[in-house]
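Summary of the model geometry
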Amino acid sequence: MTSDSSNRLLAVIAILVIAAGVAVAHYRQPVPPRAADAAGFQQLVGGLGFGPSVELSTCPVQFDPRLETTCNARTGPIPAGGLLCPGCGRFLFSFSSRSATHLTGPSATRNVLAP
Amino acid sequence: MSSLLSIARTGSAAILLSPLRSSVTVMAVIAVLVPYLVGIGLVEGLRQESRIAIGAGTPAEKELLPDLYVAANQFGRRVPIPLELAEPIRKFDGVTRVIPRIVGRITLGKENVEAVLVGMPREELQRRGSSIQRLTRLIDGQLPRSQHGEAPQLVIGSGLARKLDNLQVGTVIPPIFRSGGGEKTPRITGIFQSEISPWQSQMILTTFESAAEIFDQRGLATDLLVFCRQGQPEAIRSRILQSLTGSSTKAAASHQPSVTSRTDLESLLPAGLGHREGVFNLLFVIAFAIGILVILVTSGFGRPERRREIGILKATGWQTDEILIRSLVESLLLGLVSAAVAILVALAWLKWFNGFWIAGIFLAGVETQPAIAVPYVLAAQPAGLAVLVACLLVTTGSAYSTWRTAVTPPAEAMR
């Protein structure tokens with residue numbers, strides 16, 4: 001194998017690595033105009049949408065935990081009961097039932113006071 | 001040192017000596033890395049959108065988003081909150097505004113297309129619309145203005161518009177409700193721009209009055225949006241919980257209030273991502289483990305040639321450690337190429353192909369060809385991890401077979 005081919009290969013590798021590095025450097029933050037538009041939209045609807053679902057049929061908690069405190073299919077103490085929800089299991093990430101144990105900071109208090 | 005560099009340089013030549021093996025190895029690593037990078041890119045993008053949705057990082061004095069969301073519970077489940085509960089909250093010291101909101105699930109059309117109906121008070125929509133610079137960047141058309149008793153005016157999401165036979169602004173759609181006030185024909189006054197937010201996709205925005213008529217629920221709201229003066233939300237939250245729980249009014253007595261603050265939501269975000277890190281990363285640890293086995297198998301491509309090549313090197317005086325260094329450089333270069341190509345392919349998939357097919361797998365309600373601009377962020381951490389994993393995969397996969405051949409007598413290796 002000639003030295004020329006080897007040099008060309010090294011150059012191609014260097015170009016690919018630099019291109020990947022530039023891509024990461026450029027797309028590591030959301031585009032500012034888009035962020036401003038998203039903020040405008042949220043302002044219109046009063047802050048809605050928070051999870052990995054865009055509709056309410058699968059699991060409202062995964063659309064926005066402000067709308068529901070727990071997944072409707074959650075079976076509480078049954079082992080792996082959370083997986084019974086057809087929605088929760090497939091998401092990239094999910095919000096489990098909102099309880100005081102998940103909260104931190106000054107808000108780590110119970111949402112509902114005992115009567 | 002120079003001899004070491006010379007040996008290292010032969011590593012790049014070794015890639016070209018067995019092109020089939022090199023390309024199969026690169027393909028195998030790319031196949032493992034691309035879904036990982038795309039998935040993490042989507043999660044990071046969604047995380048940024050979620051932060052915007054809860055107003056994280058925006059100055060409190062701007063009053064863009066509510067500080068508290070007040071809802072009602074009965075039997076431990078969420079129920080609509082009576083509008084009359086807004087009045088006592090409005091009187092609390094430190095509360096600047098209380099806005100009722102309706103959020104509900106409806107289905108549209110013959111195919112029962114899922115939609116999220118959001119109702120905000122008419123005056124509030126107009127006030128907010130006028131405060132937003134360049135509203136046309138958000139909506140193609142106008143904000144709804146329908147009053148009580150009038151035909152509902154709707155702004156619909158881009159995904160919904162496409163699913164319902166490419167609805168246009170001005171279109172009248174068949175009645176979607178049959179309330180006590182009789183049938184009314186809703187009119188589309190606007191369509192959300194596809195790139196503003198993923199959650200607009202299936203959303204219908206209308207006035208509070210029209211939403212109440214559509215659901216035939218008067219005097220009720222899904223939640224109350226409470227705006228507070230700076231530094232007051234926690235105190236007001238406690239006051240709402242204490243005063244409404246012990247209230248003597250009929251409405252308050254039968255409902256237990258639930259208050260969600262921005263801090264609660266901010267603390268939920270890392271919890272959700274932590275769950276992802278547990279499940280999603282576990283899946284890819286398994287994928288990476290399988291990847292090592294795949295590379296071990298693919299190392300078999302061009303193996304006789306590789307054995308002869310190592311045998312010749314040994315016969316011409318190369319030591320085992322020199323052959324291993326040569327193989328290591330070859331593996332690292334292949335790993336670098338694989339990771340770089342995987343990052344570029346992941347970016348192309350998310351940016352130019354808008355997460356075609358894969359966004360629908362990871363995000364519920366998103367079609368194969370998404371009607372939204374899929375949110376993504378290519379963070380440096382997963383990209384660095386991809387480079388590390390790629391180099392580790394290729395090195396681990398090929399080191400053993402190289403070492404086995406390198407310790408074999410040259411005559412046997414060349415046979």
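Heads up: these notes are all about the structure in this document. Here the structure is a predicted model, which means the values were calculated and not measured. (Residues numbered from 1 in each chain as written. Chains lettered and ligands numbered in written order. Predicted model: local features only at pLDDT ≥ 70, side-chain atom pairs only at ≥ 80, totals over all residues. Heavy atoms only, no water.)

1. Thoughts on the overall build of chain B
Per the secondary structure count, chain B includes 14 helices and twelve strands. Residue burial in chain B is summarised as follows: out of 415 residues, 54% are buried. Excluding contacts between residues fewer than 6 apart, the proportion of contacts in chain B whose partners are at least 24 apart in sequence is 79%. For chain B, the accessible area works out to roughly 17900 Å², and carbon and sulfur atoms hold 58% of it. (Helix = DSSP H or I, 4+ residues; strand = E, 2+ residues; numbered from the N terminus. Buried < 20%, exposed > 50% of the residue type's maximum accessible area, 1.4 Å probe, protein only. Contact = heavy atoms within 4.5 Å. Areas by Shrake-Rupley, 256 points an atom, 1.4 Å probe, with all protein chains shown as cover.)

2. Observations regarding the nonpolar core
Ranked by internal contacts, the top residues of the largest apolar core, which has 81 residues, are L48(A), F63(A), L33(B), V118(B), M203(B), L205(B) and F288(B). Leave out the neighbours within four places in its chain, and F288(B) touches V32(B), L33(B), Y36(B), V389(B) and L393(B). (Core = buried A, V, L, I, M, F, W, Y, C linked by side-chain atoms within 4.5 Å.)

3. Topic: the environment of A151(B)
Residues and elements named next belong to chain B. One can find A151 in the loop between β6 (139-141) and β7 (153-156). Residues A151 and E213, 62 residues apart in the sequence, show an inter-C-alpha distance of 9.9 Å. Beyond its immediate chain neighbours, meaning those up to four positions away, A151 contacts S146, K184 and T185.

4. Looking at the packing of helix α1 (residues 3-26) of chain A against helix α11 (residues 320-351) of chain B
It is at 9 Å that the axes of α1(A) and α11(B) come closest, and there the two elements cross at 40 degrees. As summarised for this structure, α1(A) and α11(B) are arranged oblique, according to the angle between their axes. Here the hand of the crossing between α1(A) and α11(B) comes out left-handed. Across the interface between the two elements, L10(A), I13(A), L16(A), V17(A), A19(A), A20(A), A23(A) and V24(A) from α1(A) touch L333(B), L336(B), V337(B), A340(B), V341(B), I343(B), L344(B) and L347(B) from α11(B). When the residues that make up the contact of α1(A) with α11(B) are grouped by side-chain class, the tally is 16 nonpolar, no polar and no charged. (Axes fitted to C-alpha atoms, helices over the stretch in contact; angles between N-to-C directions. Parallel < 35°, antiparallel > 145°, perpendicular 65-115°, else oblique. Left-handed = near helix turned anticlockwise from the far one by under 90°. Nonpolar A, V, L, I, M, F, W, Y, C, P; charged D, E, K, R; others polar.)

5. Brief notes about the packing of aromatic side chains
Each pair of aromatic rings is reported with the distance of its centres and the angle of its planes. According to the stated counting rule, one finds three aromatic pairs over all chains in the structure shown. Aromatic side chains Y27(A) and Y376(B) sit 6.1 Å apart centroid to centroid with 40 degrees between the ring planes, which places their arrangement in the tilted category. Remark: Y376(B) occurs in the loop between α12 (358-362) and α13 (380-406) and Y27(A) occurs in the loop between α1 and α2 (32-45); the pair is interchain, linking two chains. Here the two residues Y27(A) and Y376(B) agree in accessibility, since each one is buried. Between the aromatic rings of F41(A) and F192(B), the centroid separation amounts to 5.2 Å while the plane-to-plane angle is 90 degrees, which identifies the pairing as edge-to-face. In this pair, F41(A) sits in helix α2 while F192(B) sits in strand β8 (residues 187-192), so the two residues belong to two different chains. (Phe/Tyr/Trp six-rings, centres within 6.5 Å; stacked < 30°, edge-to-face > 60°.)

6. Regarding the side chain of R97(B)
Residue and element names in this part refer to chain B. Relative to the helices and strands, R97 resides in strand β4 (residues 95-108). A relative accessible area of 19% places R97 in the buried class. Polar side-chain contacts of R97 include one of 2.8 Å to the side chain of E124. In contact with R97, not counting residues within four places along its chain, are E63, E124, R127, R128, L225, V226 and F227. (Polar contact = N/O pair within 3.5 Å; in protein donor to acceptor, adjacent residues only side chain to side chain.)

7. Here we look at the interface of chain A and chain B
Chain A puts 69 residues into the contact, and the matching count from chain B is 101 residues. At the boundary of chain A with chain B, the tally comes to one salt bridge. For D37(A), the salt bridge is made with R137(B), and the minimal N-O distance between the two is 2.8 Å. Taken together, the links from chain A to chain B amount to 18 residue pairs in polar contact (both at pLDDT 80 or more). With 13 residues, the single largest contributor to the side of chain A that touches chain B is α1(A). When grouped by side-chain class, the residues that make up the side of chain A that touches chain B number 36 nonpolar, 24 polar and nine charged. (Salt bridge = Lys/Arg side-chain N within 4 Å of Asp/Glu carboxyl O.)

8. Some remarks on the pairing of strand β9 (residues 203-207) of chain B
Residues and elements named next belong to chain B. In terms of residue burial, β9 counts as a mostly covered element, since five of its five residues are buried. In terms of strand pairing, strand β5 (residues 113-120) meets β9 through five bridges, oriented parallel. Each bridged residue has a counterpart across the sheet, and for G119 the counterpart in β9 is T206. Pairing of β7 with β9 involves two bridges; the strand directions are antiparallel. Looking at the pairing, I156 lines up with I204 of β9. (Pairing = 2+ DSSP bridges.)

9. Topic: a nonpolar patch on the surface
Together, W352(B), F353(B), F356(B), W357(B) and I361(B) give the surface a local cluster of nonpolar side chains, amounting to about 600 Å² of exposed area. Tracing the chain through its elements places W357(B) in the loop between α11 and α12. (Patch = residues over 30% accessible without salt bridge, like charges linked within 9 Å, V, L, I, M, F, W, Y side chains within 5 Å.)

10. A word on helix α6 (residues 208-215) of chain B
All names here are of chain B. Of all the eight residues making up α6, six are buried; the element is thus mostly covered by neighbouring parts of the structure. Three or more residues of α6 are buried, namely F208, S210, A211, A212, E213 and I214. In the core, the buried residues of α6 are packed alongside β4, β5, β7, β9 and β10 (220-221).

11. Overview of helix α4 (residues 122-131) of chain B
Residues and elements named next belong to chain B. When we look at burial in α4, the residues that qualify are E124, L125, R128 and G129. Here the buried residues of α4 occupy an arc of 130 degrees about the axis, which is enough to place them on one side. When the buried face of α4 is taken as reference, the exposed residues oriented beyond 90 degrees from it are E123 and S130. (Arc of directions from axis to C-beta.)

12. Section: the pairing of β8(B)
Residue and element names in this part refer to chain B. Counting buried positions along β8 yields five of six residues, so the element is predominantly enclosed. Sheet topology note: the β6/β8 ladder contains three bridges and is antiparallel. Each bridged residue has a counterpart across the sheet, and for D140 the counterpart in β8 is I191. For β7 and β8, the ladder comprises four bridges, and the chain directions are parallel. Following the sheet pairing, Q153 is matched in β8 by R187.

13. Observations regarding the environment of G360(B)
By the secondary structure assignment, G360(B) is in helix α12. Each C-alpha atom of the pair G360(B) and P370(B) lies 7.2 Å from the other, and the pair is ten residues apart in sequence.

14. Section: the pattern of salt bridges
Residue and element names in this part refer to chain B. Tallying each qualifying case throughout the model produces 14 salt bridges over all chains. Of the charged contacts, one joins E330 and R21 as a salt bridge, the two residues approaching to 3.3 Å between their closest N and O atoms. Taken together, the residues span a long stretch of sequence, with E330 in helix α11 and R21 in helix α2 (residues 19-53) at a distance of 309 residues. Across this residue pair, the class does not change: E330 and R21 are buried. In this structure, D223 and R101 form a salt bridge, with 2.9 Å as the shortest nitrogen-oxygen distance. Remark: R101 occurs in strand β4 and D223 occurs in strand β11 (residues 223-228); sequence separation between them is 122 residues. Both residues of the pair, D223 and R101, belong to the buried class. A cluster of three or more residues bridged by salt bridges with shared partners is formed by R97, E124, R127 and R128.

That's the geometry; what it means functionally is another story.
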